[in-house]
Amino acid sequence: MRVPAATIWDTRIQTVCAVISAQDEDDVELWMSGNFGQVSLNDPRVIINPNRLYPIEQVIQRKRRFAINVFAVGQRDAAIRIINVRRRTPGKTAVLGLPFAVEAKYGIPYITDCLRTVFCEVEEALETGDHTVFLSRVLESRRNANYATQRPLLYPEVSGSPSRYPRISGLVRRAVTMSGVKDQLRQFLQKRRGKVTVDLQKNTYVEGGQTDAEVAAILQPGSKDLGRVIAPPGRAPAVLSKTVGLCVAGVGQWGSYHAQLFAQADPKVDLYICGRDERRVATVARLCGAKGYFLGLEKAVADPRVQALSLALPHHLHPSAAQMAAAAGKHVLVEKPIANTLAEADAMISAARKAGTILMVAEDMHFRPAVREAVKAIAGGDVGEPLYMNVHAGGLRRPGGWQASKELMGGGVMMDIGVHYVRALRLIMGEPDRVLVTGAMQLNTKMSGEESVQVLFASRYGWQSHMLLSWAGPRGHCPDIVIAGDRGVLHLWPRSKFYDYYPAATQPLPAALSYIRPAWLAERLIKPEMQRVRRTIPDADCLGYLSEMREFLAAVAEDRQPVTGAGDGRRDVEIILNGYESLASGGWVDTKLTT
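Residues numbered from 1 in each chain as written. Predicted model: local features only at pLDDT ≥ 70, side-chain atom pairs only at ≥ 80, totals over all residues. Heavy atoms only, no water.

*Asks:* Give a detailed account of unusual backbone geometry, specifying residues and quantitative values.
*Replies:* The peptide bond linking Asn42 to Asp43 adopts the cis configuration, its omega dihedral lying at -20 degrees. Within the element layout of this structure, Asp43 appears in the loop between strand 3 (37–41) and strand 4 (44–48). Between Lys336 and Pro337 the backbone carries a cis peptide bond, its omega angle lying at -10 degrees. Structurally, Pro337 is set in the loop between strand 14 (331–335) and helix 12 (342–355). (Helix = DSSP H or I, 4+ residues; strand = E, 2+ residues; numbered from the N terminus.)

Pasting the structure below:
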């Protein structure tokens with residue numbers, strides 16, 4: 001029977017599934033096309049109409065050349081990944097892991113593993129609203145012999161919400177159609193609804209169309225998000241190829257923890273401990289199985305058995321200790337923050353550069369597996385366009401000693417905890433452009449630094465981040481990082497070997513329960529946990545501290561720079577200092593990078 005189409009997508013045209021690829025300046029852009037077509041045979045011409053919201057439209061406008069990569073039916077999973085990949089993410093080829101090459105004859109990038117490749121050159125571009133139509137001449141068409149027995153993949157097989165079990169779904173659809181059940185159901189529904197008048201143009205616009213003004217608004221923060229300049233490490237640190245003599249300087253709570261971590265990191269570590277209180281130094285050395293200990297940093301840096309030092313010292317001592325170590329030719333891992341001021345950080349970096357030694361900041365967020373998995377999930381399109389990153393960190397704490405001093409600490413909770421989450425922000429979302437900081441009442445008057453702040457970051461690429469950092473009260477049970485986008489939400493939990501994903505699309509169980517009547521019963525039965533997808537993180541080092549230590553040791557053993565350098569730590573502090581400017585002024589402050 002005939003049923004009026006509500007939108008243009010209801011026509012279900014069996015179009016061939018293909019990926020359009022084009023060369024940007026230093027990147028390859030991709031877009032999944034569901035409706036390219038042949039225009040003429042003599043000379044052969046094709047037409048494509050990429051959505052103007054996607055970066056590839058601007059790339060083709062500039063470069064005027066592209067490839068149509070036709071997928072085979074056996075490449076369904078790869079096609080779905082391409083459809084889901086984040087629209088504005090750079091480096092899509094790396095995210096998707098597809099085999100690519102550049103055809104030297106035409107300078108066009110293409111997928112080497114697909115059914116057919118058609119290389120094209122634009123002859124005319126026609127503006128047609130939210131799409132641009134490119135009339136293009138075919139330069140060459142190549143068939144891949146590896147897919148000689150496979151038919152092309154059809155776009156309806158991957159569009160919408162594709163089934164996890166396509167063969168079973170296909171059999172069910174065919175059975176329902178051929179048996180006449182589908183037509184009977186349509187007739188029944190049509191009788192109940194009566195005559196339906198369809199406004200095809202309006203419905204298509206509401207579901208997925210944009211006016212020129214809407215396109216301009218969507219593209220205002222850019223068609224591609226280039227805000228991220230650092231990334232989590234893509235590989236685990238190597239096992240040490242030779243022995244590294246390392247001394248942990250500092251025997252407070254954090255110095256003792258460093259010593260424990262290095263003792264676990266690798267059997268080829270010759271561990272030493274350094275401090276001023278001999279009784280405590282000897283105790284820490286004995287408990288960690290250290291080969292010896294030193295009283296005073298001067299003795300540690302002068303000893304030829306020590307190649308590197310881990311500085312777990314009060315913040316204000318970082319500059320002098322790091323420069324002393326560099327002058328002696330020793331590599332340094334310094335606890336965050338790198339220093340309390342940019343001038344001090346610059347002096348430390350300069351000393352290491354002059355000595356030819358490694359200076360790395362111990363920032364666990366760079367190695368936290370959940371952060372790495374979140375970056376992958378965002379690039380893969382799980383949350384769509386990331387709009388917000390929310391942080392709730394801290395907990396009930398009353399710092400004492402040097403930690404209660406604003407001068408020695410470089411601030412308060414924002415310098416101590418905020419520097420961690422600034423690194424997480426830069427890894428997950430990108431570089432912020434502005435910061436606004438406000439503070440609540442100070443309950444702990446025994447510390448001179450701030451006890452509790454709210455921090456708001458904003459980016460010209462359209463996202464924002466809110467951070468609540470407080471030592472005034474308990475956190476309760478909640479994720480420390482939440483990333484929210486238009487297609488899903490990620491919850492990252494500290495000290496957990498999993499993270500949670502809440503997709504916008506309703507999960508099967510709550511979807512089924514929603515049909516229960518009366519409605520109040522369905523509401524009681526549907527729980528928020530039913531929408532949750534809990535994803536296991538394979539790494540045992542869920543906080544990243546052990547990986548951080550191993551990366552430093554591997555860099556020393558292999559005589560190379562670590563995956564995160566001192567400049568990254570300097571930038572973290574710079575953004576925190578911008579935050580202090582905002583806290584003092586009460587207004588927004590730019591977070592421009594200085595050198």
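*Asks:* Can you break down the environment of Gly252 residue by residue, with the values?
*Replies:* Mapping Gly252 onto the fold places it in the loop between strand 10 (244–249) and helix 8 (253–265). Residue classification places Gly252 among the partly exposed residues on the basis of a relative accessible area of 38%. Through-space distance from the C-alpha of Gly252 to that of Val122 is 67 Å; in sequence the pair is 130 residues apart. (Buried < 20%, exposed > 50% of the residue type's maximum accessible area, 1.4 Å probe, protein only.)

*Asks:* Any chance you could break down the nonpolar core for me, citing the residues and the numbers?
*Replies:* By size, the foremost hydrophobic cluster in this structure holds 76 residues, and its most contacted members are Ile338, Ile428, Leu469, Ile481 and Ile483. Sort the elements by how many residues they give to this core and helix 15 (residues 413–428) lands first, with 11 residues. In this structure Leu469 touches Val391, Ala393, Val413, Met414, Ile417, Gly418, Tyr421, Glu451, Ser452, Val453 and Val455, once residues within four positions along its chain are discounted. Of all hydrophobic cores here, the second largest spans 32 residues; its members include Ile273, Val281, Met360 and Val556. (Core = buried A, V, L, I, M, F, W, Y, C linked by side-chain atoms within 4.5 Å. Contact = heavy atoms within 4.5 Å.)

*Asks:* So what's going on with the pairing of strand 10? Which residues, and what values?
*Replies:* Of all 6 residues in strand 10, 6 are buried; the element is thus mostly enclosed. Across 6 bridges, strand 10 lies against strand 11 (residues 269–275) in parallel orientation. By the bridge assignment for strand 11, Leu246 is matched with Leu271. As a crossover connection, the stretch from strand 10 through helix 8 into strand 11 is right-handed. Here strand 10 pairs with strand 13 (residues 308–311) via 4 bridges, running parallel. The partner of Leu246 across the bridge, within strand 13, is Ala308. (Pairing = 2+ DSSP bridges. Right-handed = clockwise from strand over helix to strand, strands pointing away.)

*Asks:* So what's going on with the pattern of salt bridges? Which residues, and what values?
*Replies:* With the rule as written, the count across this model stands at 37 salt bridges. Among the ionic pairs, Asp270 bridges to Lys291, the shortest N-O distance being 3.9 Å. Here the residue Asp270 occupies a position in strand 11, and Lys291 occupies one in the loop between helix 9 (278–288) and strand 12 (292–295), the gap between them amounting to 21 residues. Among the charged side chains, a salt-bridge network with shared partners connects Asp24, Asp27, Glu29, Arg62, Lys92 and Lys224. (Salt bridge = Lys/Arg side-chain N within 4 Å of Asp/Glu carboxyl O.)

*Asks:* Quick rundown of the packing of aromatic side chains? Include the residues and the values.
*Replies:* A full pass over the atoms with the stated rule returns 7 aromatic pairs. Summarising the aromatic geometry, the rings of Tyr106 and Phe119 are spaced 5.5 Å apart at their centres and angled 35 degrees between planes, so their arrangement reads as tilted. With Tyr106 in the loop between strand 6 (100–103) and strand 7 (108–111) and Phe119 in strand 8 (residues 116–127), this residue pair connects regions lying 13 residues apart in the sequence. Phe119 matches Tyr106 in its accessibility class, with the two residues each being buried. Relative to Tyr545, the ring of Trp254 has its centre 5.6 Å away and its plane inclined at 75 degrees; by these criteria the two rings are edge-to-face. Remark: Tyr545 occurs in helix 18 (residues 545–558) and Trp254 occurs in helix 8; sequence separation between them is 291 residues. By relative accessible area, Trp254 is classed as partly exposed at 32%. One cation-aromatic arrangement involves Arg397 over Trp471; the distance from NZ or CZ to the ring centre is 4.6 Å. Its end group placed over the ring of Trp588, Arg434 keeps NZ or CZ at 4.1 Å from the ring centre. (Phe/Tyr/Trp six-rings, centres within 6.5 Å; stacked < 30°, edge-to-face > 60°. Lys NZ or Arg CZ within 6 Å of the ring centre and 35° of its normal.)

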